[in-house]
Structure formats: C-alpha cells, structure tokens
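Secondary and tertiary structure notes
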Amino acid sequence: MKNRDGGDYEGKKWDVYVYGDVNIDLVVPGVSSLPKPGQEDEVPVMDTYVGGGAALFALGIGKLGLHPVFQGEVGDDCYGELIRKEFAAKNIDDSLLGTSRTEKTGISISFTNEKDRSFLTYRGTNAGISIDKVDIEGVKNASHIHMTGYEGSKNHAAYLSLLKRVKAETEATVSFDLGWDPTGEWNPQIKELFPYIDVLFMNETEAIHYGRTKTAQEAAREFAKDCDRVVIKLGSSGSLAIENGKEVFLPAYRVKAVDTTGAGDSFNAGFVYGFLTGKGLEECLACGNACGALNVTAYGGNTGFPDKEGLKEFMGKKKVEETK
C-alpha cells in the first residue's frame, strides 16, 4: 500500500498507531432534566458503549478494514473486559493496552436530548495518560500515528519532542487532532508542531481560537504555511482542507442526527482512511464527511460508523441523489 506522498506502507505490523483515552460511555437519551434529591425517575433505555476520542478513532479505522494498534490503559474490571472484546471485534490490536490493578476503567455518563448533552465523568485510568508513554519502537512498526491529548504549554514540549523523533526515527506519517483547550490558553506555540504533522485536524471554533482570526478559513490558510495538510471540521456545514496551496470545501451530507458523540473522531477516521489508501484531497474530505454523518445517526460514539462497504454504498447513493 502506497500513501499519497509515495511512501511505502508495506511490511509494517500495523496500519495506524493510536495512543490516548478509552473509557465507557453510559448514554441516557431523552433526558431533559435530572431528578431532584430524594426523587427517582425512570427512563426507557440506558446503553453502554466504548468511548474516548482516541478509542473512537481507532474503532473507526478498524471498522473500515485497516489494522490499528491501541496504546492506553483500562482497569481490571468488567468494563475493561468489554473494551477488549470490542477492540477484538473491530480488528484493533490490544497488545499495548495495559491493565491497571489500582485504578478502574473511566466512565462518562451522557444525558442527551434533542437540543443538548451533559456529562458526568470519572477519568479513572485515563488520568494517567501522558504522551511521554508513547513507545517510539512501537511506532516504527506502524505506517501512521494518530495523536490527540494536546494541553498547551502543559505538555507542548513533550509533543514537540515526540513529533521530532517520529519524523527522524520512523517512516510513519502523522495526523494530529489538537482538540479543545479547556485552559483557554490557545497556546501560540502550536506552530512549532506544524512542520512535523502530515494531517492537522481542528474544528471551526478551535481554528479561530488558535489562529486568532475571524474565520476558520483564514486560520487554515495561515496554518497551511507550515503544515502539509490542514483540515477544518465545520460541523453541519461540512469541512475544508488545504494542501500545497489547493483549497477544497465540501458541504456536509444531510442525515437525521440523534447523537453527535464522536462525530469529530469519526470524521478523522474517515479522512485518515482515505489518506492511507491513496485517495485525493477531495475524496478524503468526502470520506470524513460521510463517516461523521453516519456516526450521528445512532446513539454511541461508534455505533453508526460504517464498514468499508457501507461507506462506499452511502457515498455512491449520495452522488446519485445529487445528480437527480
């Protein structure tokens, strides 16, 4: 398998190396208010899913037929066992997934309704996540590495160091989802990372904050001066990308959304799938848009995510609809 830059992906143990958070999502749909103290309310359903941004990305990549490895940690409990079973079902190598004897698997309870979502989260084993734990020897066995978990100046130096090592010591291409900055710092030093990133992901709000611009498009153009591919997720509006001066915008696929959990991670998985299988920039965006759209049609962060044939069928059907 060749990537779009002509790199050779043959002979690698894994297609994608993923390090980061994995937890259990307990989704309670249709909740408009929580019971008051001393009261008990009933709901028609509660569902349990595997969650965590890095894990949802890996699940999507595996569902599309590629072979990822996931490095992270779960507890020695029933939820950790459930996660391992789900990884096995989705073609994810869990040989780098550790088991803590002291901490429990993280849990996030999601209360959803048609207008909004709210969460109660126990980080558990996710509290120990540190990019310093990524094994560069393991990355050498992968064609690509996907990074998340950036926290501004708190771990900027560690990310910069790892990115430099990945480029110098491995053949892996790199995708990076910077994500939301809860500190509000929006570290301007992020530009130091860009030359080492092959695919940079942000959503519209993150791009405006990091770029200190009025629009995500302006930010993307600025970022593209130092980064090979800049990809901005625009939610229900679609997505845009810039590569080697070429700028592409694609509107979103129209679907009925019931749960937006994991939409961004699903988009990332679709785009990286396209990137690793040699597709052009516009088709990579289309894969990302399609995976993100399908994912929001079902509760849970990966339930609606398509397999390879489902993705092809959905995109083909939408093209036919556009020509009518």
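Reading guide: rules and limits
- Residues numbered from 1 in each chain as written.
- Predicted model: local features only at pLDDT ≥ 70, side-chain atom pairs only at ≥ 80, totals over all residues.
- Heavy atoms only, no water.
- Helix = DSSP H or I, 4+ residues; strand = E, 2+ residues; numbered from the N terminus.
- Rg over C-alpha atoms; globule rule 2.2 N^0.38 Å.
- Buried < 20%, exposed > 50% of the residue type's maximum accessible area, 1.4 Å probe, protein only.
- Areas by Shrake-Rupley, 256 points an atom, 1.4 Å probe, with all protein chains shown as cover.
- Phe/Tyr/Trp six-rings, centres within 6.5 Å; stacked < 30°, edge-to-face > 60°.
- Pairing = 2+ DSSP bridges.
- Axes fitted to C-alpha atoms, helices over the stretch in contact; angles between N-to-C directions.
- Contact = heavy atoms within 4.5 Å.
- Left-handed = near helix turned anticlockwise from the far one by under 90°.
- Nonpolar A, V, L, I, M, F, W, Y, C, P; charged D, E, K, R; others polar.
- pLDDT = per-residue confidence, 0-100.
- Core = buried A, V, L, I, M, F, W, Y, C linked by side-chain atoms within 4.5 Å.

1. Some words on the overall build of the protein
- Of the regular secondary structure elements, the protein holds nine helices and 13 strands.
- Here the C-alpha atoms of the protein give a radius of gyration of 19 Å, agreeing with the 20 Å that 2.2 N^0.38 yields for 324 residues.
- In the protein, which comprises 324 residues, the share counted as buried stands at 51%.
- Just so you have it, the protein exposes about 15200 Å², and 49% of that area is on carbon and sulfur atoms.

2. Let's talk about the packing of aromatic side chains
- Applying the stated rule across the entire model yields 12 aromatic pairs.
- On the basis of an interplanar angle of 85° and a centroid distance of 4.8 Å, the ring pair of W186 and Y210 is categorised as edge-to-face. Of this pair, W186 sits in the loop between β9 (173-177) and β10 (199-203) while Y210 is found in helix α5 (residues 204-211), placing the two residues 24 residues apart along the sequence.
- Considering the side-chain rings of F201 and F267, the 6.2 Å spacing of their centres and the 85° angle between planes classify their relative orientation as edge-to-face. Here F267 lies in helix α7 (residues 263-276) and F201 lies in strand β10, a separation of 66 residues in the sequence. Here the two residues F201 and F267 agree in accessibility, since each one is buried.
- Among the aromatic residues, ring-to-ring pairing joins Y150, Y159 and F176 into one connected group.

3. Considering the sheet that holds strand β2 (residues 23-28)
- Spatial ordering of the open sheet is given by β3-β2-β6-β7, a layout of four strands whose pairing is mixed. With partners counted over all chains shown, the strands left at the sheet margins are β3 (47-51) and β7 (117-122), one partner each. Ignoring which end each strand starts from, the neighbouring axes of this sheet average 25° apart.
- Bridge count between β2 and β3: five bridges; the pairing is antiparallel. From the neighbouring strand, D25 faces β3, where its bridge partner is Y49.
- This element, helix α2 (residues 78-89), spans β2, β3 and β6 (107-112) of the sheet and lies at about 70° to β3.

4. Considerations on the environment of T261
- Positionally, T261 belongs in the loop between β13 (246-251) and α7.
- Taking relative accessible area as the criterion, T261 reaches 10% and is therefore assigned buried.
- For T261 and C287, which are 26 residues apart along the polypeptide, the C-alpha to C-alpha distance reads 18 Å.

5. Topic: the sheet that holds strand β4 (residues 68-75)
- The sheet built from nine strands is open, its strands ordered β5-β4-β1-β8-β9-β10-β11-β12-β13 with mixed pairing. In the strand order of this sheet, the two ends are held by β5 (97-100) and β13, each with one partner. Here the average twist between neighbouring strands, direction ignored, is 15°.
- Pairing of strand β11 (residues 229-233) with strand β12 (residues 238-243), which is carried by five bridges, proceeds in the antiparallel orientation. Bridge assignment links K233 to a residue of β12, and that residue is S239.
- Along the sheet face, helix α4 (residues 156-169) touches β8 (142-147) and β9 and points at about 160° away from the line of β9.

6. Some details on unusual backbone geometry
- Phi at N91 takes a positive value of approximately 70°, unusual for a residue other than glycine.
- Along the polypeptide, N91 turns up in the loop between α2 and β5.
- Here R212, not a glycine, exhibits a phi torsion of approximately 55°, which is positive.
- Its place among the elements puts R212 in the loop between α5 and α6 (216-223).

7. Considering the packing of α7 against helix α8 (residues 281-295)
- Relative to each other, α7 and α8 sit at 145°, their axes nearing to 7 Å. Judged by the twist between their axes, the crossing of α7 over α8 is right-handed. For the pair α7 and α8, the contacting residues are A263, S266, F267, G270, F271, G274 and F275 in the first and L281, C284, L285, C287, G288, N289, C291, G292 and N295 in the second.
- Along the lines of polarity and charge, the residues of the contact of α7 with α8 split into nine nonpolar, seven polar and no charged.

8. A few points about the confidence of the model for the protein
- In this model, the protein carries an average pLDDT of 92, and 94% of its residues clear a pLDDT of 70 or more.
- Confidence drops under pLDDT 50 across residues 1-8; counting only partners more than four residues distant or on other chains, this segment forms 27 contacts.

9. A look at the nonpolar core
- Ranked by internal contacts, the top residues of the largest apolar core, which has 47 residues, are V22, F70, F87 and F271.
- Those residues in contact with F87 that lie beyond four places of it in its chain are V22, V50, A55, L59, F70, I92, D94 and L97.
- W186, I197, Y210 and A219 belong to the second-largest nonpolar core, a separate cluster that totals 41 residues.

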